[in-house]
Amino acid sequence: QVQLVESGGGSVQAGGSLRLSCLASGRIRSINVMGWYRQAPGNKRELVARITSGGSADYADSVKGRFTISRDNAKNTVYLQMNSLKPEDTAVYFCNANIVVVWSLDYWGQGTQVTVSS
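The present account deals with the structure reproduced in this document. Residue numbering note: each chain is counted from 1, following its sequence as written. In view of the model being predicted, local features appear only for residues whose pLDDT reaches at least 70, and side-chain atom pairs are presented and counted only at 80 or more, with totals across whole chains, interfaces and linings using the full set of residues. Hydrogens and water molecules were not included; the side-chain quantities draw on all heavy atoms of the structure.

### Topic: the pairing of strand E10 (residues 104–108)
What counts is decided by this rule: Any two strands with at least two DSSP-identified bridges between them are counted as paired. Segments assigned H or I by DSSP are reported as helices when at least four residues long, segments assigned E as strands when at least two residues long, and all are numbered from the N terminus.
Here five bridges tie strand E9 (residues 91–100) to E10, and the two strands are oriented antiparallel to one another. Bridge pairing in E10 links Val 100 to Ser 104.

And the structure:
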């Protein structure tokens, strides 16, 4: 059984910062790509940022220069540092990881709410 557990969400004023964490646990052989997605009410889930096991990252255009994704492979953890937050960043943020147990599968966390007020 594999679980992804997010933490670090909350409410902040525009211009503020938050740091999200996501810990993968269970019978994990290896983790490939880890990433963060978000979904605002009435919108589709969208990619925010993702990072390979080697540390290569890419970002949605809307967060480039403000958000930074990183990971600690030894701890099976991915982070999302969010700076200069805007009201339009308000959403539920979901952690995603491609994890090898026997074969590779995509797993999702339960989501954490981020609310940015103007």
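After presenting the structure, the write-up continues.
### Focus on the environment of Ser 21
To keep things clear, this is the line we draw: Type-normalised accessible area, obtained with a 1.4 Å probe on protein chains alone, sets the label of each residue: buried when under 20%, exposed when over 50%, and partly exposed for intermediate values. Here, two residues are considered to be in contact whenever any of their heavy atoms come within 4.5 Å of each other.
With respect to the helices and strands, Ser 21 occurs in strand E3 (residues 18–26). Accessibility expressed as a relative area gives 18% for Ser 21, which makes it buried. For the pair Ser 21 and Thr 112, spaced 91 residues apart in sequence, the C-alpha to C-alpha distance is 9.9 Å. What Ser 21 contacts, discounting residues up to four positions off in sequence, is Val 5, Glu 6, Ser 7, Trp 36, Val 78 and Tyr 79.

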